Amino acid sequence: MNFNWTGEQKALRAKYAQFGMEVVAPRAAACHDQSIFDQVSWTALCGTDFWRQIVPKVYGGLGSNWWDFTAAAEGLASSLSNGGFLLSVISQAGFIRGLAQHGSAAQKEKYFPRLLAGALSATCIAESHSGSHTPAVRTTVTGPANAWQLNGEKWNIAHAPIAEILLVVGRIPALGKRDISLFLLDESHAGITRGPAQNKMGNRSLPTSWLEFRNVPICEADLLGPPGDGLRTLQAILAIDRVYYGLLGSLMVRPALREAHSFLAKRQTGNSPLLEQQHVQRKFADAALALKQSLWLGRAALSQVLESQPQASLSSSAAKLSGAETAIHVARDMVSLLGSRGYQTGTASRLLQDALGFLAVGGTEDLHRINLFNQMQRSADWF
Ligand SMILES: Cc1cc2nc3c(=O)[nH]c(=O)nc-3n(C[C@H](O)[C@H](O)[C@H](O)COP(=O)(O)OP(=O)(O)OC[C@H]3O[C@@H](n4cnc5c(N)ncnc54)[C@H](O)[C@@H]3O)c2cc1C
């Protein structure tokens, strides 16, 4: 295991850190205040090779180099100061992985060029009644095989108001007990209604909403992966998303660290800057410790996910929990170190609001702790 970046990957990390700082960060406060998706930055990002890194060459990409992509995403996450934009990136990355691993040739040919051109995807799992419990989804496909219809609703879905491509989790009761399946839909499917963007505490530039499906005509060609195998197929998407919520979510709070550091270097107590106080230094040291732990845990979990190792499920839950909790603690400490300035609207307070969302998205902290415990019970290593 060698999780250090090559020279080329370091250059990618630096390039996208600069992109985040120069393109995304200057727009972050306005997008948060107005609750709008940062289309300008998204279009600019899609104009670079960022997404091409994980799209196969035959579909216009550079190959499927998830480590190069992760180096670039780490750079972007560490400087963009916009949790909503980062969640857009993570959601899109998971969708691309699902399409690359489980899509048919026709689906890849249809959707990869659109994704590279900037089309947003939405991964529609949660429903208002089922929430954390995916096996309880009620969205259903009925009718004869040549005239299927999809009916149901989804709730709290990233990009729902504006996504061009939807991955929908539903069931085909005709299959029997193992009936959860995945479907790929786009604007050519009639019968889809989208709700307006919800008003959230943080990640306000990520438009989330509900979707309703009424007699949406679909066919076998719209299935992603085998029918009835939806929960397993979904794992490919969710495992990588979880790692990135932790790994990239913890990097996201770096600008708050820089803001607090530069403030305390100038702010005097008596004759010396506050940065010279040991109590203040300890908070930075604790932040560095937690951020390093989340970084290395995230990279190790990513390695296990990419290699489909048996511990990948436990490690991706651990990476997600560690990274999200670190992001919250570090952002909270930086808000506190900035004194009353920290409590005013600014980068640190905005990142704290964004970080709180990283706990719920992709499964709540309780659900990941339940997964950790279940994985421990199954393994001979622990008890
Ligand atoms: C910013 C954001 C973006 C999102 N984007 C998407 C998306 O793109 N696609 C998507 O499908 N979903 C998305 N979600 C929804 C997210 O996946 C759900 O919010 C999450 O799964 C929790 O579901 P819920 O909110 O209904 O909570 P509930 O399931 O109602 O849970 C409520 C509380 O009960 C706890 N709880 C639930 N079950 C148990 C249990 N068995 N044991 C102990 N405690 C339990 C939970 O931890 C939580 O604290 C997003 C959420 C957020 C915040």
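Trainee: Got a minute to help me understand the packing of helix α7 (residues 254-266) against helix α8 (residues 278-306) in this structure?
Mentor: Helix-helix packing is characterised by the crossing angle of the two axes and by the distance between the axes. Close contact between α7 and α8 brings their axes to 12 Å; oriented N to C, the two are set at 160°. For the element pair α7 / α8, the angle class is roughly antiparallel. The chirality of how α7 crosses α8 is left-handed. Touching R254, L257, A260, H261 and L264 of α7 are V280, F284, A287 and L291, all from α8. Among the residues making up the contact of α7 with α8, the classes are represented as seven nonpolar, one polar and one charged.

Trainee: Just checking my understanding: could you explain the pairing of strand β4 (residues 165-171) for this structure?
Mentor: Regular strands show a simple pattern: their side chains alternate between the two faces of the sheet. With seven of seven residues buried, β4 is to be regarded as a mostly interior element. The alternating pattern of β4 places I165, L167, V169 and R171 and L166, V168 and G170 on opposite faces, both of which are buried. Where β4 meets strand β5 (residues 180-186), seven bridges bridge the pair, whose relative direction is antiparallel. Residue I165 lies in a different strand from β5, and its bridge partner there is D186.

Trainee: Quick question: what am I supposed to make of the site of the ligand here?
Mentor: Not every one of the 16 residues close to the ligand is listed here, only the nearest: T123, A126, S132, T364 and D366. A126 is positioned with one of its backbone polar atoms (N or O) 2.7 Å from an oxygen atom of the ligand. Here T364 contributes a side-chain N or O atom positioned 2.4 Å from an oxygen atom of the ligand. Taken by itself the ligand offers 970 Å² of open surface, and the protein chains cover 64% of this. Where the shell around the ligand is concerned, the elements lending two or more residues are β3 (148-158) and α12 (365-378). Here the shell around the ligand takes four residues from β3, the largest share from any one element. For the shell around the ligand, the residue count by class is nine nonpolar, six polar and one charged. There are two domains that each give the shell around the ligand at least three residues, and those are domain 2 (123-228) and domain 3 (234-378).

Rules and cut-offs
- Residues numbered from 1 in each chain as written.
- Predicted model: local features only at pLDDT ≥ 70, side-chain atom pairs only at ≥ 80, totals over all residues.
- Heavy atoms only, no water.
- Axes fitted to C-alpha atoms, helices over the stretch in contact; angles between N-to-C directions.
- Helix = DSSP H or I, 4+ residues; strand = E, 2+ residues; numbered from the N terminus.
- Parallel < 35°, antiparallel > 145°, perpendicular 65-115°, else oblique.
- Left-handed = near helix turned anticlockwise from the far one by under 90°.
- Contact = heavy atoms within 4.5 Å.
- Nonpolar A, V, L, I, M, F, W, Y, C, P; charged D, E, K, R; others polar.
- Buried < 20%, exposed > 50% of the residue type's maximum accessible area, 1.4 Å probe, protein only.
- Pairing = 2+ DSSP bridges.
- Near = heavy atom within 4 Å.
- Polar contact = N/O pair within 3.5 Å; in protein donor to acceptor, adjacent residues only side chain to side chain.
- Areas by Shrake-Rupley, 256 points an atom, 1.4 Å probe, with all protein chains shown as cover.
- Domains from an automatic or database assignment.

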